[in-house]
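Summary of structural features
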Amino acid sequence: MTKRALTLILASAMAATTLLSACNSNNGGSSTSGGSSTPTSGSTTSSDGGGTTGGLKPISELKTKKDFVIAICGATLEDGINNTTKLPAEGFQTLANTQLKEKFPNITVEISSVPWDNASAKVQTMLMSGSADLFTQGGAFQPEYYKEGLSQDLNPFLEADTEFVYEDNFPANFRTHQNCTSYDGQHLLTLPWDVGYRIIMYDAEIFEQWDVEPLPEYPTPEEILEKAGKMTGTNPVTGKQNYGIYIAANNLNMSWLIPLNEYFGGIECEGSWDDPGNLQWSMDTDEYVKAVQWLVDAVKFCPPAASTGQGTENWGTDDNDIAIFMDGGGGKMTAAIVQDESLKDHLTSKFVPTMHFGKNGGNWTPVDGMGMSAQLTGDDAEMGWHLIKFMTCDVAQWRQDQWGPNFSGNLNVQKTTPEWDIWRQMNARVSAQATHPGYEINPFFQATIQPTLASMMSRSIAGESVDVKAELADLNAKAVAWSESKK
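Here the structure is a predicted model, which is why all the values come from computation and not from measurement.

Moving on: the packing of aromatic side chains. Tallied over the entire structure, the rule returns 14 aromatic pairs. Ring centres 5.7 Å apart and planes at 90 degrees place the aromatic pair Phe-164 and Trp-385 in the edge-to-face group. Linking Phe-164 in the loop between helix H5 (155–160) and helix H6 (166–169) with Trp-385 in helix H13 (residues 378–402), this pair joins segments that are 221 residues apart in sequence. For Phe-164, a relative accessible area of 11% corresponds to the buried category. By relative accessible area, which is 0% here, Trp-385 ends up buried. With a centroid separation of 5.2 Å and 70 degrees between ring planes, the pair formed by Trp-315 and Phe-325 is classed as edge-to-face. With Trp-315 in the loop between helix H10 (286–298) and strand S13 (322–328) and Phe-325 in strand S13, this residue pair connects regions lying ten residues apart in the sequence. Taken together, the ring pairs connect Tyr-246, Trp-315, Phe-325 and Phe-351 into an aromatic cluster.

Here is the structure:
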């Protein structure tokens, strides 16, 4: 397999796993793992919403089983009060009884909620037992399911469905995203269901009070570091303590390293996780040292509680004391506006989002996807494809309207999210530019890299001196030894 630059990262939802992850992907090719259903030839039009689908049959002509189960991690099934907005919200069971029933009148769709606790193993068990037809899951687990023959390639359906254009519904870069493809990168396994929130935000009022120029749309690490330093201390207008920046030092995925390494040219290692024994590590290079040094220097301007991931209690309110928030989200402001629309102008002008400092303003974006069980074949598989499209595209509208607990991070967000929700709009833009140089499920990252970086940052917050170059040299030596142990 061709070597490429990887930046190793671990998603918090995957912290307990020891799965090895994917290489970057491209469509086409072949694989000996996973399942595949070839769509049958059929009519090209549908009278019930199936649309013009090329080689696929209209929904009304599919001869399928009657019951389909969609397993959704963390789904809220019953109607109730949204925990964030405190407003009534419909559950997924209502969706199944209304929109899904209307769209797919000849079948019954059951939504099964999978608790996040050990969700990967639970979904795996459901696929092995045949008790789930479609499923959502953190993207890093998707290639493993395919390798085990539990899920199937969606490319045949995408190619046969001439009405459905991937790039009209999702960022084009997601089609080759490591969370959405097989280990060899040849097979599209999911359509995007949910993405992480990874934007930079700043408090424009605090900037004005300190007489500091606002951040541009595309800030640089140097600019952020300089301005964070200027706004740490006693606010000259309010007399209250301010902190120039917020970065959670105990973050399990250390997502900032992706854009920082893209900016400074750092590479953690080269190679493929299909062959961990031959990874070539380079965490001791000058470029990688610059990326980590930036983190160690920036956290000096964080509130002390950032060492344990605390300290943002007042963000999104008039009592906020943080000037710049790294890799946050706008959920708190969005919820406040949904509850009280009169806050819209104030909050959207006070808490301003920007692009990130990765390539073209992108940042690492974890993607949860919806995939299809390998056990579905023939017309059942074609119906599964139609269900996946509906759930990941049309239902994005439903989820946004209901302000549910989840949010679908595809291009539909920009179409369905209110224009005033500048934070979700910006996150969609950042996601669309993400290059995903190496989101990996990596046991060495979990066991050694993340704890080392967290320790360095926490000690810097506490005012201790950190020899970044020396500690990274030691970390790199441990990484080399780890790879040697895998040969």
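Counting across every chain of the model gives 16 salt bridges. The salt bridge involving Lys-65 is made with Asp-133; its shortest N-O contact spans 2.6 Å. With Lys-65 in the loop between strand S1 (4–6) and strand S2 (67–73) and Asp-133 in the loop between helix H3 (119–129) and strand S6 (134–138), this pair connects stretches of sequence that are 68 residues apart. Given the relative accessible area of 31%, Lys-65 is considered partly exposed.

When two helices pack together, you describe them by how their axes are tilted relative to each other and by the distance separating the axes. Relative to each other, helix H16 (residues 443–461) and helix H17 (residues 468–485) sit at 170 degrees, their axes nearing to 11 Å. Considering their axes alone, H16 and H17 lie roughly antiparallel with respect to each other. Residues Pro-443, Phe-444, Thr-448, Ile-449, Thr-452, Met-456 and Arg-459 of H16 form the contact with H17, whose participating residues are Val-468, Glu-471, Leu-475, Lys-478, Ala-479 and Trp-482. The residue inventory of the contact of H16 with H17, partitioned by class, reads eight nonpolar, two polar and three charged.

In this model, Met-254 sits at a positive phi of 45 degrees, which is unusual for a non-glycine residue. Relative to the elements of secondary structure, Met-254 occurs in the loop between strand S10 (241–246) and helix H9 (257–264). The class for Met-254 is buried, based on a relative accessible area of 0%. A positive phi angle is found at Asn-360, which is not glycine, with a value near 60 degrees. Inspection of the secondary structure puts Asn-360 in the loop between strand S14 (351–354) and strand S15 (367–372). Relative accessible area serves as the criterion here: at 48%, Asn-360 is assigned to the partly exposed category.

The next thing to look at is the confidence of the model for the protein chain. On average, residues of the protein chain carry a pLDDT of 83, and 82% of them reach 70 or more. In this model, residues 1–32 is a region of pLDDT below 50 whose contacts with residues beyond four sequence positions or in other chains number 131 contacts. Note on residues 403–412: pLDDT under 50 across the span, and 51 contacts to partners over four residues away in sequence or across chains.

To continue, consider the pairing of S14. Side-chain alternation along S14 places Phe-351 and Pro-353 on one buried face and Val-352 and Thr-354 on a second face that is also buried. Strand direction decides the pairing type here: strand S8 (residues 199–203) and S14, joined by four bridges, are antiparallel. From the neighbouring strand, Asp-203 faces S14, where its bridge partner is Phe-351.

Let us now look at the sheet that holds S14. The strand order across the open sheet built from five strands is S9-S10-S13-S8-S14, with neighbouring strands paired in mixed fashion. Single-partner strands in this sheet number two, and they are strand S9 (233–234) and S14.

An order of S5-S2-S6-S15-S7 is seen for the five strands of this open sheet, with the pairing classed as mixed. Each edge of the open sheet carries a strand with a single partner, namely strand S5 (108–114) and strand S7 (191–195). Ignoring strand direction, the axes of neighbouring strands in this sheet form an average angle of 25 degrees. Pairing analysis gives four bridges linking S7 to S15, with the strands arranged antiparallel. Across the sheet, the residue bridging to Leu-191 is Met-370, located in S15. Each of S2, S5 and S6 touches H3; the most contacted strand, S6, lies at about 155 degrees to it.

What counts, and where the lines are drawn
- Residues numbered from 1 in each chain as written.
- Predicted model: local features only at pLDDT ≥ 70, side-chain atom pairs only at ≥ 80, totals over all residues.
- Heavy atoms only, no water.
- Phe/Tyr/Trp six-rings, centres within 6.5 Å; stacked < 30°, edge-to-face > 60°.
- Helix = DSSP H or I, 4+ residues; strand = E, 2+ residues; numbered from the N terminus.
- Buried < 20%, exposed > 50% of the residue type's maximum accessible area, 1.4 Å probe, protein only.
- Salt bridge = Lys/Arg side-chain N within 4 Å of Asp/Glu carboxyl O.
- Axes fitted to C-alpha atoms, helices over the stretch in contact; angles between N-to-C directions.
- Parallel < 35°, antiparallel > 145°, perpendicular 65-115°, else oblique.
- Contact = heavy atoms within 4.5 Å.
- Nonpolar A, V, L, I, M, F, W, Y, C, P; charged D, E, K, R; others polar.
- pLDDT = per-residue confidence, 0-100.
- Pairing = 2+ DSSP bridges.

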